[in-house]
Amino acid sequence: MAPTPARKTAYSYRRDAETAIFALNAHGFTHFKVPEMRYIERVLQPGESLIHASKIHWIVYIPGVAVVLAGIAVFIVVLDRPDQVLWLALFIGCIAVGFFLLFLAWFKRWTTEIDVTDRRIVYKRGFIWRHTVEMNMDKVESVDVDQSVLGRLFDYGDITIRGTGIGLEPLRNIEAPLAFRNSVTAR
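It should be emphasised that the depicted structure is a prediction, and the values quoted were computed from it without experimental measurement.

Reading the values: rules and limits
- Residues numbered from 1 in each chain as written.
- Predicted model: local features only at pLDDT ≥ 70, side-chain atom pairs only at ≥ 80, totals over all residues.
- Heavy atoms only, no water.
- Phe/Tyr/Trp six-rings, centres within 6.5 Å; stacked < 30°, edge-to-face > 60°.
- Helix = DSSP H or I, 4+ residues; strand = E, 2+ residues; numbered from the N terminus.
- Buried < 20%, exposed > 50% of the residue type's maximum accessible area, 1.4 Å probe, protein only.
- Contact = heavy atoms within 4.5 Å.
- Polar contact = N/O pair within 3.5 Å; in protein donor to acceptor, adjacent residues only side chain to side chain.
- Core = buried A, V, L, I, M, F, W, Y, C linked by side-chain atoms within 4.5 Å.
- Pairing = 2+ DSSP bridges.
- Axes fitted to C-alpha atoms, helices over the stretch in contact; angles between N-to-C directions.

Colleague: Can you explain the packing of aromatic side chains? Please cite residues and give values.
Modeller: This structure, assessed with the given rule, holds nine aromatic pairs. Taking 5.8 Å as the distance between ring centres and 35° as the angle between the ring planes, the aromatic pair formed by F103 and W106 counts as tilted. One end of the pair, F103, and the other, W106, are both in helix α3 (residues 84–110), three residues apart, so they sit about a helical turn from each other. Summarising the aromatic geometry, the rings of W106 and F107 are spaced 6.3 Å apart at their centres and angled 50° between planes, so their arrangement reads as tilted. A residue is classified by how much of its surface remains accessible, and W106, at 37% relative accessible area, is partly exposed. The exposure class assigned to F107 is partly exposed, which follows from its relative accessible area of 27%.

Okay, here's the thing in C-alpha cells:
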C-alpha cells in the first residue's frame, strides 16, 4: 500500500499584484487572507525601483493628545467639586473629542503615502476615495522645504515640489523632509 501524500495546509496564488493566501485548518475550513500591500508596490513599473518612502510625521497626534490630557485634567478637578455632573459631562466630551482627533490623525497617517522612485514622485492619500498625484522626475524643477523650529527639532516639515507647468500640492507635516528632498534632487 502506497503512503498517502501529506495534505497541504496553505497555498498562495498571485493575481493583480496581490497575493492571496488560503489556509486549511484541522477541520478543513478555508481561511482567506490578503496581506497588506502599499500602493506604490502595486503601481511600480517594470524596472522601476523605490528610492525613498515617507509618511506623515507623528506630530499630527499632538492635538488629540492635548485634548485627552485636558480631559484628564478636568477629571482631576471633578474629584474636588460638589457639582460633578457638569464637570463629568465636560470630561466625557474632552475624552470623546480627543479620541476622535487621535483616530482622524491615525487614519490620515495610515492612508497617506509619499514615495520617490527612480522615475517619478508618487503622492497617495485616501482609503475608499483615493487621490493620487504623480510627477515624472524629468519634470521636477525644485523641491522647497519649509520647517519651523519644532520641525527642525523633530525632523518634520512641509514640502512643495515645483515642476514644469504645474507643481504638486504642498505636502504638510512630512517626516524627514530633507532626506525626501535629497532623494529627489540627487539623481
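This is not the end of the story, as more comes after the structure.
Colleague: Please give an account of the side chain of T111 that cites residues and values.
Modeller: Considering the arrangement of structural elements, one finds T111 in the loop between α3 and β5 (113–117). Judged by its relative accessible area of 6%, T111 falls in the buried class. If we skip the residues at most four places from it in the chain, T111 touches K124, R125, G126 and F127.

Colleague: Describe in detail the side chain of D158, supporting the description with residues and values.
Modeller: Locating D158 in the fold gives a position in strand β9 (residues 156–163). A polar atom in the side chain of D158 sits 3.0 Å from the backbone nitrogen of N173. Ignoring any residue separated from it by four or fewer positions in sequence, one finds D158 in contact with D144, V145, D146, L171, R172 and N173.

Colleague: Could you give an account of the nonpolar core, with specific residues and numbers?
Modeller: I121, V140, I159, I161, L171, F180 and V184 are the most contacted members of the largest nonpolar core, which totals 15 residues. Only β5, β6 (120–126), β7 (130–136), β8 (140–146), β9, β10 (171–175) and α5 (177–185) provide two or more residues apiece to this core. Ranked by size, the runner-up nonpolar core spans six residues in total, among them V68, V78, F91 and L102.

Colleague: Could you give an account of the sheet that holds β10, with specific residues and numbers?
Modeller: Taken in spatial order, the three strands make up an open sheet running β8-β9-β10, and their pairing is antiparallel. Every other strand in the sheet has two partners, leaving β8 and β10 as the edge strands with one partner each. Looking at each pair of strands side by side, their axes are set apart by 40° on average, direction ignored. Examined bridge by bridge, β9 and β10 share three bridges and lie antiparallel to one another. By the bridge assignment for β10, G157 is matched with I174. Against the sheet, α5 contacts β8, β9 and β10, and its axis sits at roughly 170° relative to β8.

Colleague: Could you give an account of the sheet that holds β7, with specific residues and numbers?
Modeller: Pairing is antiparallel across the open sheet formed by four strands, whose spatial order is β4-β5-β6-β7. Edge positions in the sheet fall to β4 (50–54) and β7, since each of these pairs with one other strand and no more. When the angles between neighbouring strand axes are averaged without regard to direction, this sheet yields 15°. Here β6 pairs with β7 via seven bridges, running antiparallel. Within β7, the position partnered with V122 by the bridge is E134. Sheet strands in contact with α5 are β4, β5 and β6, and its direction is about 155° off that of β4.

Colleague: Report on the pairing of β6, specifying residues and quantitative values.
Modeller: Of all seven residues in β6, six are buried; the element is thus mostly enclosed. Here β5 folds back onto β6, and the loop between the two strands holds two residues. Count of turn residues in the β6/β7 antiparallel hairpin: three residues.

By themselves these figures say nothing about function.
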